[in-house]
Amino acid sequence: MLERILITGAGGQGVILLGRLLASSAVEHIPHITFFPSYGAEVRGGTSVCQVILSAKEIASPLSETFDSILVMNQISLENVIRQMKKNCLVLVNSSLCKIPPVSSKVVSVDATRLADNLGDTRVANFIMLGAYLAAKPVVTPLQAEKSIRELLAGKNMSLIELNIKAFRTGLES
Amino acid sequence: MATRVLMTGNDAIGEAAIRAGCDAYYGYPITPQNEITAFMALHMPENNRVFIQAESEISAINMVFGTAAAGKRAMTSSSSPGISLKQEGISFLAGAELPAVIVNVQRGGPGLGNIAPSQSDYFQATKGGGHGDYHQIVLAPDSVQEMHDLTILAFKLAGKYRTPVMILTDGRLGQMMEPLILYKGTPPPMQRKAWAVNGAINRKPNFIRSLYLVEGELETLNIKLQKKYAGIRQKEIRCEKRLTQDCEVLLVAYGTSARIAKGAIASVRAAGIRAGLLRPITLWPFPYDAIARIAKHVKGVLVVEMSSGQMLEDVKLAVNGHVPVFFEGRMGGGVPLESSIVKKIKSISRRKIMTGH
Amino acid sequence: MIKDMIYDRPESLTDVKTHYCPGCGHGIVHTLIAETIDSLKIRERTIGVAPVGCSVLAYFYMNFDVTEAAHGRTPSVATGIKRVLPDRIVFSYQGDGDLAAIGMAETIHTANRGENITVVFINNAVYGMTGGQMAPTSLIGQKTATSPRGRNVETMGPPLRMCELLNSLDKPYHIERVAIDGPDGVRKARKALMTAFKAQVDGKGYSFVEILSPCPIYQRLSPVDALKFVGTQMAAYFPVGVFRKEGTVVNA
């Protein structure tokens, strides 16, 4: 198996956390995993990008030039990666903040930010995207993902962990 | 299978240092190694170890000198411009024969350069860097697992030979996450520290020095150092050989470049081209003989680096004109593309071998 | 009744001939440090850090552990020792070039962290080992190899007063300046060193003793006149006294 995922959005939308979570969910059963973040010079408000590669074989470079899946959280980021949206690529778009791109990829639209707002916290849109992605491509099981969410947020208060789990499940069912 | 954890390369180095028994870490902020300093700030005090954010890279390496002189394990980390500032201190460590671990998470240069990954500090790391006739052991990991394992080894070698050891890596390996298995052993043993300045109780005072003004004294020290280096050359050369038994094109690359070279080899092998890789794990001492042996039966050698061709010079020394040596490199934070490496391999494999002579 | 007194060489001082020039202050200060260490009974747990400068060879005279340090990095090396061996007594011994020029950052930051070490600062207003160049503490108008027409404030700035500078920091526990221009000054220097080392033994924190000291060769004076230069001209610019006592500013 080989799954190369590009995740991008605005700084502060939890793009890096989303990528890290996906990578750590796969640690137990996918032999080769890389996660690579890159940021703009701004700490907040710039574009945030990360790549996750899940593979049965050794990974030469943590940065790929082609992708099997692309997750996009806002319009500016979408425009940056629109050329990467090839035919065999699955594209998940946060339709609350993005227009649906006219590409040949299979596009799944997720109303992530609005759904997050409905849950009471706009910041959990990233885990709604994760849920929607795993619903479309079950590279890891929902159980593994939820375990990773709990591990990653260990030490935070219970209501925050439950909110994130709820967001993930909302995405999974959307 | 042992439990794997997901970590950045930089964190994996920090975690390894703690598991290797590092008594004190001294750092100063510079991208792309800041994760190490932050990791140590959090975890060294938890383990009752010393952490100081020094006022400069210069101060940090000299704090390392003090801790090493006291007979304890010390580490510092930085990135290219900061490592330049540490060179005087590294020369002093070598001259005073003190063990220390220095991590260079390389970025693009020269000057302030950029924060992209690079391998352009190869000359500085392997040929001296500071003043005087000295060497440091240089270890070059190519995965997060090796960032961890080679840090353990670095402490072991530093203690064994009383010499500075550098982990030479780059921003990509530092910032990327991969699963790894953590070191579970005990800290590597240190030599008896009869030389340390830790209080002259029931013994004559110890002096740690690198100034030798009496005629001949300094040459004697240098002869001793060179003997030590000869021993290190004999015992500590490490490299990974992949598909070199039958290869007609030999790639030589380390660190991030080696990983991309591995990708290129897998892709040309699928097309029936016999390419292999020799990946130096110790950049000093350098695996000259291993390269020379393989070079005897290949059409050509291809060196891949994120520099203008620094390790290239050592590979040419090893090959010694037996076969042509080619180069694929990027500079200033650029990373070689798998596709361009593949192209070069293909063109070398089409070469007619000259026979006779 | 006058009791018979036998003046012995302190145990902390080795029995060797000096390499310092006639009239140099280093020998006096070495002896004072050795006496202090002896009387505090800390010889076996004292570690000295020698600078780059004339006193780079200080270990030659000191009968306890000593390490060299790169030029100006003496307090960082001392920090690196003290932090991993907190029960040892660690002091740095530095000249004016080492401490106030190339090592200024280390000096300030070590003091600002309040490292529990003792810094002994020999201020003789000139670089000795390299051949009498201008020091950060050379007096205005002082002629040196690199200020042949005298130190010019306009282009070279005025001399740095280190005690005053360090006294602006919160953490130092003891800051004092003395001048070894005669027997009285030497007695005061001994007392200052005792206070400083005692502070470290008691875990009180950073202590700093500046000692105005003669260098007849590069102060370009006879040994006797060099002592006068220290006691009058140097002391006029660098007032002697206690600046910080038990953590409190006494002479702002």
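A quick note: this is a predicted structure, and the numbers were derived from the prediction, not measured. Numbers given for residues are sequential positions, taken from 1 along each chain in its written order. Chain letters and ligand numbers both follow the written order, the letters beginning at A and the numbers at 1. With pLDDT at 70 or above as the cut-off, local features in this predicted model cover only qualifying residues; side-chain atom pairs require 80 or more to be listed or tallied, and sums for whole chains, interfaces and linings still use all residues. Water and hydrogen atoms were dropped before computing side-chain values, which therefore reflect all heavy atoms in the structure.

**Describing the packing of aromatic side chains**
Counted only if it meets this: Aromatic rings from Phe, Tyr and Trp, taking only the six-membered ring of Trp, are treated as a pair when their centres fall within 6.5 Å; an angle between ring planes under 30 degrees marks them as stacked, one over 60 as edge-to-face, and anything in between as tilted. Numbering of helices and strands starts at the N terminus; helices are DSSP runs of H or I of at least 4 residues and strands are runs of E of at least 2. Between buried and exposed lies partly exposed: a residue is buried under 20% and exposed over 50% of the maximum accessible area for its type, with that area taken using a 1.4 Å probe on protein chains only. For a lysine, the NZ atom is tested; for an arginine, the CZ atom; a charge sits over a ring if that atom is within 6 Å of the ring centre and within 35 degrees of the ring normal.
A full pass over the atoms with the stated rule returns 13 aromatic pairs over all chains. The interplanar angle of 65° and the centroid separation of 6.0 Å between the aromatic rings of C:F64 and C:F91 together place this pair among those described as edge-to-face. On the criterion of sequence distance, the pair formed by C:F64 in the loop between β1 (46–50) and β2 (65–68) and C:F91 in strand β3 (residues 89–95) is long-range, its members being 27 residues apart. Using a relative accessible area of 1% as the deciding quantity, one classes C:F91 as buried. With centroids separated by 5.4 Å and ring planes inclined at 65°, the aromatic side chains of C:F91 and C:F197 adopt a geometry described as edge-to-face. With C:F91 in strand β3 and C:F197 in helix α7 (residues 183–201), this residue pair connects regions lying 106 residues apart in the sequence. Given a relative accessible area of 0%, C:F197 falls into the buried group. One aromatic cluster in this structure is built from B:Y122, B:F123 and B:Y254. If you follow B:R172 out to its NZ or CZ, it ends over the ring of A:F36, 6.0 Å from the centre. Over the face of the ring belonging to C:Y237 we find C:R161, whose NZ or CZ atom lies 3.7 Å from the ring centre.

**Some points on the pairing of strand β4 (residues 74–78) of chain B**
All names here are of chain B. The cut-off we apply is this: Should DSSP find at least two bridges between two strands, the strands are regarded as paired.
By the criterion of burial, β4 is predominantly enclosed, with 5 of the 5 residues buried. Side chains A74, T76 and S78 project from β4 onto one buried face, and the interleaved M75 and S77 project onto a second face that is buried too. With 4 bridges joining them, strand β2 (residues 24–27) and β4 adopt parallel strand pairing. Each bridged residue has a counterpart across the sheet, and for G27 the counterpart in β4 is S77. Pairing geometry for β4 and strand β5 (residues 100–106), over 4 bridges, is parallel. Among the inter-strand pairings, T76 is bridged to a residue of β5, identified as I102.

**Re the environment of C:R177**
Residue and element names in this part refer to chain C. For clarity, the threshold we go by: By the criterion applied in these results, polar contacts are pairs of N or O atoms within 3.5 Å in which, for protein atoms, one can donate a hydrogen and the other can accept it, and in which residues neighboring in sequence qualify only through two side-chain atoms.
When you line up the elements, R177 lands in strand β5 (residues 174–179). The class for R177 is buried, based on a relative accessible area of 1%. Within the structure, the side chain of R177 is placed 2.8 Å from the side chain of E164, a separation counted as a polar contact.

**Some thoughts on the domain arrangement of chain B**
Residues and elements named next belong to chain B. Going by this rule: Domain start and end points were adopted from an automatic or database domain assignment. In what follows, residue pairs with any heavy atoms lying within 4.5 Å of each other are defined as contacts. Take the accessible area each of two parts loses on contact, using a 1.4 Å probe, and add the two losses: that sum is the buried area. A side-chain nitrogen of Lys or Arg and a carboxyl oxygen of Asp or Glu constitute a salt bridge if their distance falls within 4 Å.
Under the domain assignment, chain B is made up of domain 1 (5–235) and domain 2 (239–349). Here the C-alpha centroids of domain 1 and domain 2 sit 28 Å apart. With 33 residues of domain 1 at the contact, the number on the domain 2 side is 29 residues. Taken over both partners, the interface formed by domain 1 and domain 2 buries close to 2,400 Å², and the fraction arising from carbon and sulfur atoms is 53%. Area buried by domain 1 at its contact with domain 2 is led by Q119, Y122 and D142, which between them contribute 32% of it. Here domain 1 is connected to domain 2 by 5 salt bridges.

**Overview of the interface of chain B and chain C**
Opposite the 36 residues of chain B that make contact, chain C presents 33 residues. Both faces combined, the contact of chain B with chain C buries some 2,600 Å², and carbon together with sulfur accounts for 61% of it. Inspection of the chain B/chain C interface yields 2 salt bridges. B:R203 is the salt-bridge partner of C:D65, the closest N and O atoms lying 2.7 Å from each other.

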